[in-house]
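For reference, the chains in residue letters:
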Amino acid sequence: MLKLTVKSPAKLPDGMTSRTLSLAAAQGVQVAVVRHLRRRHSTASRRAGFPQSGYWLDAAASTATAPAGDAAEVTVEKEGVALHYYGGTVHPVTGKALAIPLDPSVAGKNPRELNGLADSLALIWPKNSSHGFLKDKDTSNLLYLLVGSTRHKADRSVLPEDGEMAAEAESAMANAIMAMEDAGK
Amino acid sequence: MTASEKILQKALVGSKLDSRMWNGIQAGLRDRAFFSSQIESARILHSARELSSRVASGDLSVSDFRLKMRHALYLDNYDPGDRRGTVKDLLTEKRLDLIVKTNVAQARGYIQHLQATNEGALLAYPCYELVRVAERKQPRNWAARWRNAGGRFFGGRMIAVKTDPIWTRISAFGNPFPPFDWGSGMGLDEVGYAEAVKLGVIERGEKIEPPKIDFNGKLEATLPFKGHNDPEWLRLKDAFGDQVVYNGDAIAWKGEIMQGVARGEGSVRLGKSTQTLLSHFSGLDREHLENTSLSLTGEWVAQHASKHMGENEKDPHNIPLAAGDFELIPSLWRNPDRVVRGKYAGSSVLTMETFDGGILNLVIDHRSGAMPLSFYKQKMPEGR
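Please read these numbers as outputs of a predicted model, since none were measured by experiment.

Trainee: In this structure, what is going on with the overall build of chain A? I would like to understand it.
Mentor: For chain A, the count of helices and strands is five helices and nine strands. Seen in sequence order, chain A has helices and strands lined up from the N terminus as β-α-α-β-β-α-β-β-α-β-β-β-β-α. Expected size for 185 residues packed as a compact globule is a radius of gyration near 16 Å; at 23 Å, chain A overshoots this value by more than 25%. Taken across its 185 residues, chain A has 34% of its residues classed as buried. Contacts spanning at least 24 positions in sequence make up 64% of the contacts within chain A whose residues lie at least 6 apart.

What follows is the structure, encoded as structure tokens:
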């Protein structure tokens, strides 16, 4: 969850509460984040031969914002987005290694899912090596790279720049004030 | 409310209805049900609901959803029969993805719409624009669908006020928010007040009223109960049996009543002992149980929730109960996996394994008219 503080105008039109204005500003932040994540989806580079996962579109759909005093809280409820944004090291939780798909046919699939279906994978882990592989027993194709952990750099471009979010929030507030003033005329 | 909470709020409704027949059920009632085409098992639906909510909160990947669902299907002795490998087979990736992606997308669409139609958001952005957000190999003709549904174009763009009925009319699901159809790739963008006025979508000074939301923060309209001979009521009873009930002057799901009981409100009668349950008993014990009903009160549930839910569960052999677990009590009563003797004379433990490695235990006194004694979730013993 992120908090973004936006400036609100000193004077509100008659009948408009600061709560209403905060809701408008929060919606502005939401609009900026959703548009940004959709753009990220359309420009994201794809590994050769791999299908487009729709990951960032999913992130856009999971975005929610809520006003919090003079700030707006942004939440993106999509697994892995926080890791992309803040960076960090991932260690295996259930198994002994992390599996990174090498073959498009297993993109987005947990190897346990494949083994659970047909016991179709064979493990190759060379002695003293830091990594191993899972291969298809039938075709001998290498399907996954196995590693002990992965490190990810923080990527603040996952979200729009603060200025972009603040600009959309301010535009939303200006629109809300204009709508309120026009309705009162 | 979050998308995850929205999913958990839905009542489990098992039925033989396929998706086309489900679409014939009024949206107000359908949207409050967690269902999947032709799935009757409460355990499967319970697993799908709880796991979908975890995908919606970002705690579980879709791949792990499939993995855990296949385990739940195994526990339920699921056999696809002659549907094996088709989209009707719950073991397939395609069907499991359909279940989780549809439920999560609808819950997220609902939450974003709820937020986008609050007072402040409506003032700032009174209109939606229908836009393509994902490319499709063979895109449907949405402009024609928009036009045929009575939608207007502004500078070639499909824009309408957020509360306009056009949004429900273009939806295959009868909802005013995305997804509007299976794998459509269409979504919504927001149009600000100044732009909406400039384009002529709304008039200057026109105020858009927020949609009505009930006391639970829900947008869905209530379906009125018009009497026992109302054709709509008879149709629902025919399709859903005792899973559909009337609660005062509104039609509701029994699962919703169970959710109320799980919150400590009201009471519910779960019907008479079934032949499946009775088959676990013999002699005098069976005689005691025949023709007896199980009733639960909110007070009883609250008492057990205070012992076994969340952080209240102190027994290291148990898994904390979740609110949704209480909705499996009717299935435990009708169709338990096993029945074992309880610690006390005259008590029996009805058990059901769940997808999360737990065993639900409902303890009843079968000699006192199926009086409920306890409800908790045990950890599966090692090696099972």
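Trainee: Help me out: how do you make sense of the overall build of chain B in this one?
Mentor: The number of helices and strands found in chain B is 16 helices and 16 strands. For a compact globule of 384 residues, the expected C-alpha radius of gyration is about 21 Å, and chain B comes in at 23 Å, within 12% of that figure. Across its three principal directions, the C-alpha atoms of chain B cover 80 × 45 × 45 Å. Once local pairs closer than 6 in sequence are excluded, the contacts in chain B between residues at least 24 apart make up 61%.

Trainee: Would you mind going over the sheet that holds strand β6 (residues 186–191) of chain B with me for this structure?
Mentor: The strands that make up a sheet are held in pairs by hydrogen bonds between backbone atoms, and each pair lies either parallel or antiparallel. All names here are of chain B. Reading across the sheet, the four strands line up as β4-β5-β3-β6 and stay open at both edges, with antiparallel pairing between neighbours. For this open sheet the edge positions go to β4 (153–154) and β6, each flanked by a neighbour on one side alone. In this sheet, strand β5 (residues 157–161) lies alongside strand β3 (residues 127–132) in antiparallel orientation, the contact comprising three bridges. Looking at the pairing, C127 lines up with V161 of β5.

Trainee: Mind showing me how you'd approach the domain arrangement of chain A here?
Mentor: How big an interface is tends to be stated in terms of the accessible area lost upon association of its parts. All names here are of chain A. Looking at the assigned domains, one finds that chain A contains domain 1 (2–86 + 155–184) and domain 2 (90–150). Taking the mean C-alpha position of each, domain 1 and domain 2 sit 38 Å from one another. Contacts between the two partners involve five residues from domain 1 and, on the opposite side, four residues from domain 2. Broken down by class, the residue content of the side of domain 1 that touches domain 2 amounts to three nonpolar, two polar and no charged.

Trainee: Help me out: how do you make sense of the interface of chain B and chain A in this one?
Mentor: Across the contact, 35 residues belong to chain B and 34 residues belong to chain A. Only α5 (62–75), α6 (93–116), α7 (119–124) and α10 (193–199) of chain B provide two or more residues apiece to the side of chain B that touches chain A. Element by element, the count of residues in the side of chain B that touches chain A is highest for α5(B), at six residues. Residue classes in the side of chain B that touches chain A are distributed as 16 nonpolar, 10 polar and nine charged.

Trainee: Looking at this structure, how should I read the sheet that holds strand β7 (residues 223–224) of chain B?
Mentor: Residues and elements named next belong to chain B. The three strands are arranged β7-β9-β8 in an open sheet whose pairing can be described as antiparallel. Both outer strands of the open sheet, β7 and β8 (244–247), are each paired with one neighbouring strand and no more. Those strands touched by helix α12 (residues 254–262) are β8 and β9 (250–253), and its axis lies near 80 degrees from that of β9.

Trainee: Teacher, can you tell me more about the environment of A71(A) here?
Mentor: Residue and element names in this part refer to chain A. In this structure, A71 sits in strand β3 (residues 71–76). Judged by local crowding, A71 falls into the partly exposed class, with 18 C-beta atoms found within 10 Å. Along the backbone, A71 and L145 are 74 residues apart, and their C-alpha atoms lie at a distance of 43 Å.

Trainee: I keep staring at the nonpolar core and nothing clicks. Help me out?
Mentor: As a rule of thumb, nonpolar side chains are buried together in soluble globular proteins. Counting 72 residues, the largest nonpolar core has V13(B), L45(B), I329(B), L332(B) and L362(B) as the members making the most contacts within it. Element by element, the count of residues in this core is highest for α6(B), at eight residues. Ignoring anything within four residues of it in the chain, the contact list for L332(B) reads L350(B), M352(B), L360(B) and L362(B). Of all hydrophobic cores here, the second largest spans 56 residues; its members include M16(A), V76(A), M180(A) and W167(B).

Trainee: I would appreciate a short explanation of the packing of helix α1 (residues 18–43) of chain A against helix α5 (residues 162–184) of chain A in the present structure.
Mentor: Each pair of packed helices can be described by the angle between their axes along with the distance between the axes. Residues and elements named next belong to chain A. It is at 7 Å that the axes of α1 and α5 come closest, and there the two elements cross at 135 degrees. Taken as axis vectors, α1 and α5 run oblique relative to one another. As for the relative orientation of α1 and α5, their crossing is right-handed in sense. Contact residues: α1 offers T20, L21, A24, A25, Q27, G28, V29, V31, A32 and V33, while α5 offers E164, M165, E168, A169, S171, A172, M173 and A176. Residues that form the contact of α1 with α5 fall into these classes: 12 nonpolar, four polar and two charged.

Trainee: Sorry if this is basic, but what is going on with unusual backbone geometry here?
Mentor: Both trends apply: most residues other than glycine have a negative phi, and most peptide bonds are in trans. Note the cis peptide between P178(B) and P179(B), where omega equals 0 degrees. Assignment of secondary structure puts P179(B) in the loop between α9 (166–169) and β6. Despite not being glycine, N128(A) shows a phi value in the positive range, around 65 degrees. Position of N128(A) among the secondary structure elements: in the loop between β6 (121–124) and β7 (131–136). Overall, the presence of 5 C-beta atoms within 10 Å leaves N128(A) in the exposed class. Residues other than glycine seldom take positive phi values, yet S140(A) does so here, at roughly 65 degrees. Looking at where S140(A) falls in the secondary structure, it is placed in the loop between β7 and β8 (142–147).

Trainee: Even after reading the chapter, I still don't get the environment of P165(B), so can you show me in this structure?
Mentor: With respect to the secondary-structure elements, P165(B) resides in the loop between β5 and α9. For the pair formed by P165(B) and Q38(B), sequence separation is 127 residues and the distance between their alpha carbons is 30 Å.

Trainee: Teacher, can you tell me more about the packing of helix α4 (residues 42–56) of chain B against α6(B) here?
Mentor: Residues and elements named next belong to chain B. It is the contact of α4 with α6, at a shortest axis distance of 9 Å, that shows an interaxial angle of 60 degrees. Taken together, α4 and α6 sit at an angle that is classed as oblique. Crossing of α4 against α6: the hand is right-handed. Where α4 abuts α6, its residues A48, S52, V55 and A56 lie against I99, V100, N103, V104, A107 and R108. Of the residues that constitute the contact of α4 with α6, the class distribution is seven nonpolar, two polar and one charged.

Scoring rules and cut-offs
Residues numbered from 1 in each chain as written. Chains lettered and ligands numbered in written order. Predicted model: local features only at pLDDT ≥ 70, side-chain atom pairs only at ≥ 80, totals over all residues. Helix = DSSP H or I, 4+ residues; strand = E, 2+ residues; numbered from the N terminus. Rg over C-alpha atoms; globule rule 2.2 N^0.38 Å. Buried ≥ 20, exposed ≤ 12 C-beta atoms within 10 Å, placed from the backbone. Contact = placed C-beta atoms within 7 Å. Pairing = 2+ DSSP bridges. Domains from an automatic or database assignment. Nonpolar A, V, L, I, M, F, W, Y, C, P; charged D, E, K, R; others polar. Axes fitted to C-alpha atoms, helices over the stretch in contact; angles between N-to-C directions. Core = buried A, V, L, I, M, F, W, Y, C linked by C-beta atoms within 7 Å. Parallel < 35°, antiparallel > 145°, perpendicular 65-115°, else oblique. Left-handed = near helix turned anticlockwise from the far one by under 90°.

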